[in-house]
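Structural overview for review
Next come the chains, spelled out residue by residue.
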Amino acid sequence: MAMDKTFDAAAAEARLSAAWEAAGCFRAGANAKPGADTFCIMLPPPNVTGSLHVGHAFNHTLMDVLIRWKRMQGVDTLWQPGLDHAGIATQLQVEKLLASTGQPGRRELGREKFLEKVWDWKAQYGGTIVMQDKRLGTSMDWDRLAFTMTGAPGDPSGGTDGPNFHDAVIKVFVDMYNKGLIYRGKRLVNWDPHFETAISDLEVENLETDGHMWHFKYPLAGGETYTYVERDEDGNVLFEEERDYISIATTRPETMLGDGAVAVHPEDERYAPIVGKLCEIPVGPKEHRRLIPIITDEYPDRNFGSGAVKITGAHDFNDYQVAKRGGIPMYRLMDTRGQMRADGAPYDEAATRAQAIAGGAAFTEAEVDTLNLVPDHLRGLDRFEARARVVAEITAEGLAVMTEATDPRLGKAAVKAPVEPSEGGEMRTEDAQLVPLVEAKKIMQPFGDRSGVVIEPMLTDQWFVDAAKVVGPALDAVRTGRTKIIPESGEKVYYHWLENIEPWCISRQLWWGHQIPVWFDEEGREYCAASESEAQAMAPGRTLTRDPDVLDTWFSSGLWPIGTLGWPEQTPEMARYFPTDVLITGQDILFFWVARMMMMQLAVVDEVPFHTVYLHQLVRDEKGQKMSKTRGNVIDPLQIVDEFGADALRFTMVQMAALGGVLKLSTERIKGYRNFGTKLWNACRFAEMNGVWEGHATQATPPQATATVNRWIIGETARVRAEVDAALDAYRFNDAANALYAFVWGKVCDWYVEFSKPLLMDGDDAIRAETQRVMAWVLDQCLVLLHPIMPFITEELWGQTGSRAGMLVHADWPTYSADDLSDAEADREMTWVIGLIDSVRSARAQMRVPAGLQVPMVLRELDQAGREAWARNEALIAKLARIDSLTEVPAFPKGTVTIPVEGGIFGLPLADIIDVSAEMARLEKTLEKLAKEIGGLKGRLNNPNFAISAPEEVVTETRDNLALRQEEETTLKAALAQLAELD
């Protein structure tokens, strides 16, 4: 049956995927040779709520390349797939579904009924990304699909749908708790007021927004004063005045209610006279104003704002560290919804107690929550509404720092009209034209990546892993080389984070997730156990209540390698495939997941989870910009598959995977690699039309060859095999793709196909049969070597050409070497021929010789090897270089372009063919335009302000443009120099 004229990706991909799965091609151990080594990759589990995006497409493609390559080598492979339960994301999806369908909400349903809804949702929608991933051609062992909530209460499968991940997670928690590695404590966390839960740093998106910085006066206690002096670097007095206050600046005035101190730098001489004294928080009922100490700490920046900062330890991460160092009390001001607290004793009682603490009374951790320092009239307000009220009250009392109405720092939200003093206020007559100092500033604001609300740093009770106790082995594993991180820059980041590690918050105030296995009795005592019955046995006669929190998904996914292989059971998979081999993931989760897997596996089974970590950058658009819906530059990988086929997308992904490089994806590049697939298809059709596939069976070794061109292409095939293996061994995916592209398109589809035509069409029977055998073998090798990157088109061609014993997915990977198959004489001759043709083509293009015009060529000198090469290949050279004759001359005539080759010099007499003067004038004009462009680009890059202020992608694009223009300039100057010789 004749081959189709073109490859129908849409029809073939679904058919081939189904055939691979039906034949069990991807199962663990498939195609493994007896006694083979193992190779295992763990898929970074995408969220069960997820859909395939370019980041997935990129790293899944790289993993698939390695797995297919190893599988074809006969290695015992396992690519373990799975999904993460994605606590907060899944809970959000189900709550949205309930709301949109008019069903009762989470709280109305209660925990048990709500979780039933989540399991129903998972069954209906949770496999979307799996189906999408299959369209990409990924060859995971889909029969082993794991899920991080398998075995949890309510699991419809009863824990039989894959490894019982829940039991493994609970066992690890209990073991680590009993070893003192997990504890409950009060620390500052990222709090999402919408979901009412702590969230990880990865779930926080820091965005630059328009904001304001308010400047306020904190009056000194008892009406004390001091001389405030500002000096220059030489000690000269710039400004001096008597003050009865200390000035602070804040972007969050509502948190002033929880201040525990004002801090200044210990070397800041301006405030030395008042260090240790008390100042008054300028908000709240006057009769209950709290006094707080002025302390010193290294944290304040003397050159930023006033150099004095308020310390609100319960609502700011930097302040929290200062408060811990200085023993400063911390007070939580907000509830779980981000509203000002409305609980507890009246404000006057709370303020009295807080003042006693400021005066030296013992402060207990419980008072973080029991003391409500929000004034009664502000209780229950939204935090941003409270902010406006606090600002208004301080301003009305005359305790805002004032400035001239023309001050350029003032924002649009600042009060520009003169402010009248309130009764008893401190504004002076001469200040009547002053306004409060409210700076307009760009501020980095933290938002919940799913809720979209501003995240609140909140001091709450959470569960923590004492990371400092388990971090040592994870550091040592990388330092000693047991696990290697590439690129090497990732190791430095890894060391820095682990050497400065903080306790790891592992609790979330959600319902969907692994519920923390700790119960409390009436007196608050803890009982940690794998089940309620075990906990009850530890507390006979006591009423127990289970902690309602669930575990952070990073805790359970931190056990991914061992959990998916069946631990704590000593399964055959655990014994065979652990430790796994390479982890491929984005550099953005080096801390959140990679480092935690290292810590957890070493803490639980005393073994590293993998020997290599390959970190890649974020996939960006063709200009190097981050993809976002706002910019409108998001590329949907499935739309690309629909338009160009999965192979084109996969080859593009692999080709751009340079270690440490910027990953720029463009549809034009993808289109180009679709054309690459078409080129291969056409070469196979050319072979079919010339009888190459008739009676052909797969051959592991190349046929014997006598013709120079056949001996040459066999050696080239062996060389590219070695290049591909070396590149993949070193995770240089782009080098493997580039080597295959240059070989398949350039040497096979262009040169070899052209060189073979005279042999196939005009050669004798023996040479024709030899060329058919060699071409069949070479194209087979193209399919085999390309299959890990382009599985669909290569499998389809494998099935449509020759007589095959099995599918390409399980074909043997070649092991022949260039040393065995290279023919130095053939290589030298064909390199000489190709070099001559390329040089002639280049000269014709530079001189703008009409493409179809046959031109004469002259020869001035040539050695014997060159003459023999010419004689054997004259017809080919003449055809491909469009030469109509060759004449040997003692000297080149005027107007000849020289074509040097090894052992001689050819020439193209073009004086009568092109208008040299007109062509020189055109090139000179083009060079003038280029020079201006180059000058402009250099000017931008040499401007320090451009390098500092311009986005990184713009700077990179400018550098790339300059390099391209300079390369073009070099080429045109060379052409102009040649033309000058002709004139």
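In this report, we go over the structure that sits alongside the text. Being a predicted model, the structure only gives us computed values, none of them experimental.

The rules behind each value
- Residues numbered from 1 in each chain as written.
- Predicted model: local features only at pLDDT ≥ 70, side-chain atom pairs only at ≥ 80, totals over all residues.
- Heavy atoms only, no water.
- Helix = DSSP H or I, 4+ residues; strand = E, 2+ residues; numbered from the N terminus.
- Buried < 20%, exposed > 50% of the residue type's maximum accessible area, 1.4 Å probe, protein only.
- Contact = heavy atoms within 4.5 Å.
- Areas by Shrake-Rupley, 256 points an atom, 1.4 Å probe, with all protein chains shown as cover.
- Lys, Arg positive; Asp, Glu negative; His and termini not counted.
- Charge placed at Lys NZ, Arg CZ, Asp CG, Glu CD.
- Pairing = 2+ DSSP bridges.
- Axes fitted to C-alpha atoms, helices over the stretch in contact; angles between N-to-C directions.
- Core = buried A, V, L, I, M, F, W, Y, C linked by side-chain atoms within 4.5 Å.
- Polar contact = N/O pair within 3.5 Å; in protein donor to acceptor, adjacent residues only side chain to side chain.

We now examine the overall build of the chain. Across its full length, the chain carries 31 helices and 33 strands. Taking the principal axes of the C-alpha coordinates as reference, the chain spans close to 110 × 75 × 55 Å. Split into buried and exposed, the 983 residues of the chain put 55% on the buried side. Long-range pairs, those at least 24 residues apart, make up 78% of the contacts in the chain with a sequence separation of at least 6. On the chain, roughly 42,700 Å² of surface is accessible, and the fraction owed to carbon and sulfur atoms is 50%. Distance between charge centres in the chain, computed from 101 positive and 145 negative side chains, equals 2 Å.

Glancing now at the sheet that holds strand S14 (residues 308–311). Read from one edge to the other, the open sheet built from 4 strands follows the order S12-S13-S11-S14, with strand pairing classed as mixed. The open sheet has two edge strands with one neighbour each: strand S12 (278–280) and S14. Going across the sheet, the axis of each strand differs from the next one's by a mean of 35°, ignoring polarity.

The biggest cluster of nonpolar side chains holds 161 residues, and the ones touching the most others in it are Trp-712, Phe-733, Phe-755, Trp-832, Phe-906 and Leu-908. Among the elements that take part in this core, helix H23 (residues 733–762) stands out by supplying 15 residues, more than any other. Contact partners of Trp-832, with chain neighbours within four places excluded, come to Leu-862, Gly-866, Ala-869, Trp-870, Ile-877, Val-901, Glu-902 and Phe-906. Core analysis: the next-biggest nonpolar cluster, separate from the first, contains 62 residues, Leu-181, Leu-498, Leu-602 and Val-613 among them.

This paragraph deals with the sheet that holds strand S7 (residues 204–219). In space, the 3 strands of this open sheet follow the order S10-S7-S17, with antiparallel pairing throughout. Pairing within the sheet leaves two strands with one partner each, and these edge strands are strand S10 (245–250) and strand S17 (438–448). This sheet shows a mean twist of 30° between the axes of neighbouring strands, independent of strand direction. With 11 bridges joining them, S7 and S17 adopt antiparallel strand pairing.

The next thing to look at is the side chain of Arg-144. Considering the arrangement of structural elements, one finds Arg-144 in the loop between helix H6 (128–135) and strand S4 (146–147). Its relative accessible area of 19% is what places Arg-144 among the buried residues. Of the polar contacts made by the side chain of Arg-144, one reaches the backbone oxygen of Thr-564; its length is 3.1 Å. In contact with Arg-144, other than residues within four places in its own chain, are Leu-78, Gln-80, Pro-81, Thr-564, Leu-565 and Glu-573.

Here we come to the side chain of Ser-556. Relative to the elements of secondary structure, Ser-556 occurs in helix H15 (residues 553–557). A residue is classified by how much of its surface remains accessible, and Ser-556, at 1% relative accessible area, is buried. Engagement of the side chain of Ser-556 in a polar contact is seen with the backbone oxygen of Thr-553, the distance being 3.0 Å. Residues contacting Ser-556, with those up to four places away along its chain left out, are His-85, Thr-148, Phe-165, Val-169 and His-514.

Purely geometric stuff here, so don't read any function into it on its own.
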